[in-house]
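Structure assessment
So the chains spell out like this:
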Amino acid sequence: MPRIRRNMKRLPLWAKLFIGTSLGTLLVVAASSLLLFWVIHFSVEQDIRKHLTRSTASIRDLVRTTVNTAIHNHLRAVAEKNRDIVAHFHELARQGRMSEEEAKARAAEVLLSQPIGKTGYLFCVDSKVIMRVHPKASMHGADVNQFPLSKIQRELKNGYVEYEWANPGESAPRPKSLYMAYFEPWDWIISASSYREEFLELIRLDDFRESVLAHTIGDTGYSFIMADNGTLIIHPRYEGVNVLTSTDPMGNAFPGGLLKGDSGTIAYDWINPGETKYRKKIAVYDSIPELGWIVASTEYLDEVERPLHLLTYVVTATTVGMVLLLFLMSWRVARVATRPLPSLMQAFEEGAGGKLSLRMDEELGGEFGKLAAYYNHFMDNLEASRDRLAESEEKYRTIFEQAVEGMFQVLPEGIFVSINPAMARIFGYSGPEEMLAEVGNITKSLYVEPTDREKLYRELLDKGKVLGVPIRLRRRDGSIFWGEVSERMVLDHNGRFVLVEGILKDVTAQHDFMDNLARTKAEAEAASQLKSDFLIMISHEMRTPLTSILGFARMIKRQLQSKVVPAIDPADEDTFRTIEKAAGNLAIMETESSRLAKLIDDMLDFAGLEAGEIILCVKPANPGALAEQAVEAVSGSAAAKGLSLELDTPAQLPDVVADRDRIFQVLTHLLGNAVKFTSEGGVTLSAVPREEEMEFIIRDTGAGIPPESRERIFDHFTQLGDPLTDKPRGAGLGLALCRSIIALHRGRIWVESEPGQGSAFHFTLPLSKGGD
């Protein structure tokens, strides 16, 4: 088979077309002929089976009709004759010649004395299906409504009925017939019944023998009737013969399959008298169970298939003729269809050789004309592509030669293929030729650490490319510099790794700058840490003496008021003024010490926030309660300046996630600032729920904040105004602390203000989600 395929591939196109169309047509014709033959053969067989089936069914129905008519007429005559007998006795009773009971008894004697067949009998029931006459005395007066036949008798009272019945002791019911004649005066339904099989003596075969034998099928086919014991009741040749014990002329037994089922189809071998060989025969049979008969119709298969033989010759001859004709047509079509191919092949051969200006004749017509047009269009595009490629190559070479970055191609084993002038300059060579001549393996010649080349190569194999990798490299004169390398793998058409292309930048200056920047950053962070440590140390060192000064000032003030002032003579004005002046100085000491203590607390908090040492204790908190507490804490300061302080929050607000103490610190500071910077009017605190956060707003009617200072005021140690004149006292840490605390809560803080129109400080806190 592989050799045949190879030889087929070597054949010219016209031969392939001829063989392909011929074989394809041959297969189609052969398949069509076989299909046609099978369809006709199947149809003929189905027709003969249907014909045999119809013949068998027709005979079966004929026999049943004849038998039913005979049984019906016989039972009707018996029932109606006995109704006349009953009427006779009724008339005797009516005439007074006997009593009605005696008349019924005499009538019952006559009815029961008449057998019907072997086991049939007469019986009477009334319209309520109560047994009035029956061969068994025990049944007299019995209610037989439980039997299906009783319902029919009660409803019809007159007429013919067929039903199934089993006498006591019998294992299965058998077909039975009954005729009813109603005698109204006594309300008797006179019924004559017997099993149908006991009426065979009533059947006259002559009534339907001719009809059965008239059913001929084909030349020798016929129909017959056989008893279930094997005796042929009606047959063209063997009527009266028991075929179960007989053999054909060759000594073969009659096919017993006809006696094994109620109906079906059987095929068997048969030989008629005077014939010398067996022929296949088919028989369709059906049964008449109530008579124990089998009706069959049969015919020889060779008579059925005789037309098929002629059909076989016709189909074979037609197929051969069509194949020969199609061979000639395929030969002609193949030669005509491939005639323009030589000229097309020559044109493609010359075009493949580089003669791009050659064009083909587009007047060939059909697909070859289109192929010629496609070829011409392809060659036009190929010429244009060649020109564009040459131009692109020139541009690429210009870029390659004039690029500032070094460009290179290197084999996977580390040998340069090509480099541009910039690459040579970076490494201190006069040109690419000099560098290619002197540099062997790049790992040994150019890399300060050979392991850097190995790491770069492994990453390239894993990812297919590397971007912006810093590497220490060595120049021609031995000096070391930092280079930034980007490379990619180049694969051939088989997917093999064949080349590395890359770009090199000299980033020594950038690297030195970043080193200096890192050192500067480290020094700044160290200075910042030193500042924080210094603030913490100074704050701690100041807190202890400040606490002592504040405590002694308060104690001296209390003792002056409680012990010294009461002991002074009111007439001694100088002493009294001196004590008052001392008390005033003590009050100033207390106030300034408290302010200084607050400043120290702010400095400690700020230093802790910068150092990351403050840990929040966050949990769900009620924003309304926080706002109310903050307003209460600042209300005294506002009242002292004659300012209004209002709380504007809804009655029900969702909880926020917050450290209550820190947010209270933010609120009191912002409210205190608002009071501090407001001369008249008032301050308002609002809380407004948003989608996923709560927004707090502190509005005042103060002087406002210039636009250029709105962001700066949140920096530490920053305050607005002239530090020597009207600025309120403070270190400028409050807003910086507020911003740090809100940031730790993942919130935002900002200010909206215009000079002369007051200010509004806003900050947000995340809402609680129930499980926070």
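Whatever comes next refers back to the structure up there.
A short tour of the structure in this document, coming up. (Residues numbered from 1 in each chain as written. Predicted model: local features only at pLDDT ≥ 70, side-chain atom pairs only at ≥ 80, totals over all residues. Heavy atoms only, no water.)

Remarks on the packing of helix α16 (residues 623-640) against helix α17 (residues 660-676)
As a reminder of what qualifies: Here an axis means a line fitted to C-alpha atoms, over the contact stretch when the element is a helix, while the angle between two N-to-C directions is reported on a 0 to 180 degree scale. Every helix listed is a DSSP run of H or I at least four residues long, and every strand listed is a run of E at least two residues long, numbered separately from the N terminus. Left-handed describes a crossing whose near helix is turned anticlockwise from the far helix through less than a right angle; right-handed describes the clockwise counterpart. Working rule for contacts: check all heavy atoms of both residues, and any pair within 4.5 Å makes them a contact. By the convention adopted, Pro, Cys, Tyr, Trp, Phe, Met, Ile, Leu, Val and Ala count as nonpolar, Lys, Arg, Asp and Glu as charged, and the other residues, Gly among them, as polar.
Contact geometry for α16 and α17: axes closest at 9 Å, N-to-C directions at 35°. Taken as a pair, α16 and α17 cross one another with a handedness that is right-handed. Along its contact with α16, which presents Leu-626, Ala-627, Gln-629, Ala-630, Val-631, Ala-633, Val-634, Ser-637 and Ala-638, the element α17 presents Arg-660, Ile-663, Phe-664, Leu-667, Thr-668, Leu-671, Gly-672 and Val-675. Here the contact of α16 with α17 is composed, by residue class, of twelve nonpolar, four polar and one charged.

With respect to the side chain of His-134
Counted only if it meets this: Type-normalised accessible area, obtained with a 1.4 Å probe on protein chains alone, sets the label of each residue: buried when under 20%, exposed when over 50%, and partly exposed for intermediate values. Here a polar contact is taken to be a pair of N or O atoms separated by no more than 3.5 Å, where protein atoms must pair a possible hydrogen donor with a possible acceptor and residues adjacent in sequence count only if both atoms sit in side chains.
Residue placement: His-134 occurs in the loop between β2 (131-133) and α4 (148-156). With a relative accessible area of 14%, His-134 lands in the buried category. One polar contact links the side chain of His-134 to the main-chain amide nitrogen of Lys-136, over a distance of 3.0 Å. Setting aside anything within four residues of it in sequence, one finds His-134 in contact with Leu-112, Tyr-121, Phe-123 and Met-139.

Description of the sheet that holds strand β19 (residues 682-689)
To keep it simple, the criterion reads: Paired strands, in this sense, are two strands between which DSSP finds at least two bridges.
Taken together, five strands build an open sheet; the order of strands is β17-β19-β20-β22-β21 and the sheet is mixed. Lying at the two open borders of the sheet, with one neighbouring strand each, are β17 (644-648) and β21 (749-753). Each adjacent strand pair in this sheet contributes to an overall mean axis angle of 15°, direction not counted. Pairing analysis gives seven bridges linking strand β20 (residues 693-700) to strand β22 (residues 759-766), with the strands arranged antiparallel. The partner of Glu-693 across the bridge, within β22, is Pro-766. Against the sheet, α16 engages β17, β19 and β20, with an angle of about 175° to β17. Packing of helix α18 (residues 734-744) onto the sheet brings it into contact with β21 and β22, and relative to β22 it is tilted by some 25°.

Details of the pattern of salt bridges
The condition is simple: One side-chain nitrogen of Lys or Arg within 4 Å of one carboxyl oxygen of Asp or Glu is enough to make a salt bridge.
Considering all chains together, one arrives at 17 salt bridges under this definition. One salt bridge connects Arg-488 with Glu-501, and the closest N-O pair in it is separated by 2.9 Å. Placement of the pair is Arg-488 in strand β14 (residues 480-491) and Glu-501 in strand β15 (residues 497-506), with a sequence separation of 13 residues. Using a relative accessible area of 43% as the deciding quantity, one classes Arg-488 as partly exposed. The exposure class assigned to Glu-501 is partly exposed, which follows from its relative accessible area of 24%. If you follow the salt bridges from partner to partner, you end up with Arg-60, Asp-61 and Asp-286 in one network.

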